[in-house]
Structure formats: structure tokens, C-alpha cells
Amino acid sequence: MSGISKGISKVEISLKWDPSPAGQPPTDLDVVAAPYLAGDPYGDPAYVVHFDSRSPDGTITLNRDSPDGKGFGWDEVMTVELGRLDARYTRVVVGVVIQQRSGRRAFVDVLNPAIRIREGYTVLAEDDFGGALGATAATIAEFVRDEAGEWSFRPGVHGYEDAPADFARVMGRPRP
């Protein structure tokens, strides 16, 4: 039975951080996800899911959104149902964006940020953005569908300094 594999089917991406100190503007981090078409897996995303949105087919949903990190436990939670994604999508990239309403803020300015990516009870990755401290946004996960239709996970936090709107457009491009 060692040749039978189901690949990854459904993942949960969780994000948390501590609220800003009293008197400081709130810190707002957002989880974003974008699927890419088989014909252009590193081009423009087919669509982007973020706060106040979900995928057209309901396979990518933001279950919890926090504008200030004042939640209990995980402040933002997104579910990605890879097993239900249409076959025309062969890649999904997940990222985190820091809203820049009150001036430039990088991960080094966020109190105790953390991410956790898991499938069921199995933790696939955890990170604290330590490798992207000067960045204002970061990709945190990549899921790729192989020719057999199975999804695999490619971990890694990769920082960007693009504006939130620009990050959604470039987050799936190949890294130099």
C-alpha cells in the first residue's frame, strides 16, 4: 500500500499577533491566498481571497479576521480546500500583508507575530517571520498540484516590501 497517496486535501492557515501598545495605532495583518491557472502558474492570480472576500467556488474562505490582534488565540484563520479546487488550478500561494494605514510597518514592528499551517491535527509549518523582519508582506506557503492531481506543500517565509495591493499581484511570481 505504500504507493497509494492522497496528497494534501484541506489546510488551515492561522495567524496571530499581539495588539499594539496603548496609545499606538492598531496593527492589522491579513492572510491572503491566490490560486494560479495551469497555463500560467507564475503569472497573474486567477483571483485573490482576503478579508471581506472568499473564492467564487467556496474552496478558500477566511473564517476569522482581526483588524487589531485582540482576538483569543489565533486572530486570523483561513481554510483552503485543495481537494475541491477545480483541475484548472495547479498552484495556490498564501501570504500575509501588514496594512499600512498609519505609516510604514514591517514585521519587526509587530508584537509576537506567528503563523501555523496544518492539515487536520498535523502541523505542516510554524514560523514567527524572523526571516522577514524588514518586510511589509510575506508569502508563507505554496501548494502545488502534480500531474496525478495530488497537492504538495512547499513551506517558507519570503518577505516583500510591496504595497498591499501590489503584493497580491506579485506574490506568485518566481523568487529571484
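Some remarks on the overall build of the protein chain
Here's step 1: Counting its secondary structure elements, the protein chain contains one helix and nine strands.
Here's step 2: Its helices and strands in sequence order give the protein chain the pattern β-β-β-β-β-β-β-β-β-α, from N to C terminus.
Here's step 3: On the principal axes, the C-alpha backbone points of the protein chain span a range of 55 × 35 × 30 Å.
Here's step 4: When the accessible surface of the protein chain is split by element, carbon and sulfur atoms take 50% of a total near 9000 Å².
Here's step 5: Positive and negative side-chain charges in the protein chain, numbering 19 and 26 respectively, have mean positions lying 2 Å apart.

Here's the deal with the sheet that holds strand S1 (residues 11–16)
Here's step 1: On the basis of which strands lie adjacent, the open sheet formed by five strands has the order S3-S4-S1-S6-S7 and antiparallel pairing. Each end of this open sheet is capped by a strand with a single partner; those strands are strand S3 (60–64) and strand S7 (122–127). Going across the sheet, the axis of each strand differs from the next one's by a mean of 20°, ignoring polarity.
Here's step 2: As paired elements, S1 and strand S4 (residues 76–80) share five bridges and run antiparallel to each other. Directly across from Leu15, in S4, lies its bridge partner Glu76.

Some remarks on the environment of Ala38
Here's step 1: Secondary-structure assignment places Ala38 in the loop between strand S2 (29–37) and S3.
Here's step 2: Taking C-alpha positions, Ala38 is 34 Å from Pro67, a pair spaced 29 residues apart along the chain.
Here's step 3: Setting aside anything within four residues of it in sequence, one finds Ala38 in contact with Arg88 and Thr90.

What about the environment of Ala168?
Here's step 1: Here Ala168 lies in helix H1 (residues 164–170).
Here's step 2: When the C-alpha atoms of Ala168 and Gly95 are compared, they prove to be 8.5 Å apart, with 73 residues separating the residues in sequence.

Regarding the sheet that holds strand S9 (residues 151–160)
In a beta sheet, neighbouring strands pair by backbone hydrogen bonds and run either parallel or antiparallel.
Here's step 1: Taken in spatial order, the four strands line up as S2-S5-S8-S9 in an open sheet, and their pairing is antiparallel. If you trace the sheet from one side to the other, it starts and ends with S2 and S9, each paired once. Averaged over all pairs of adjacent strands, the angle between their axes in this sheet comes to 15°, without regard to strand direction.
Here's step 2: Here strand S5 (residues 89–98) runs beside strand S8 (residues 137–145); their pairing, made up of seven bridges, is antiparallel. By the bridge assignment for S8, Val96 is matched with Ala138.

Basis of the calculations
Residues numbered from 1 in each chain as written. Predicted model: local features only at pLDDT ≥ 70, side-chain atom pairs only at ≥ 80, totals over all residues. Heavy atoms only, no water. Helix = DSSP H or I, 4+ residues; strand = E, 2+ residues; numbered from the N terminus. Areas by Shrake-Rupley, 256 points an atom, 1.4 Å probe, with all protein chains shown as cover. Lys, Arg positive; Asp, Glu negative; His and termini not counted. Charge placed at Lys NZ, Arg CZ, Asp CG, Glu CD. Pairing = 2+ DSSP bridges. Axes fitted to C-alpha atoms, helices over the stretch in contact; angles between N-to-C directions. Contact = heavy atoms within 4.5 Å.

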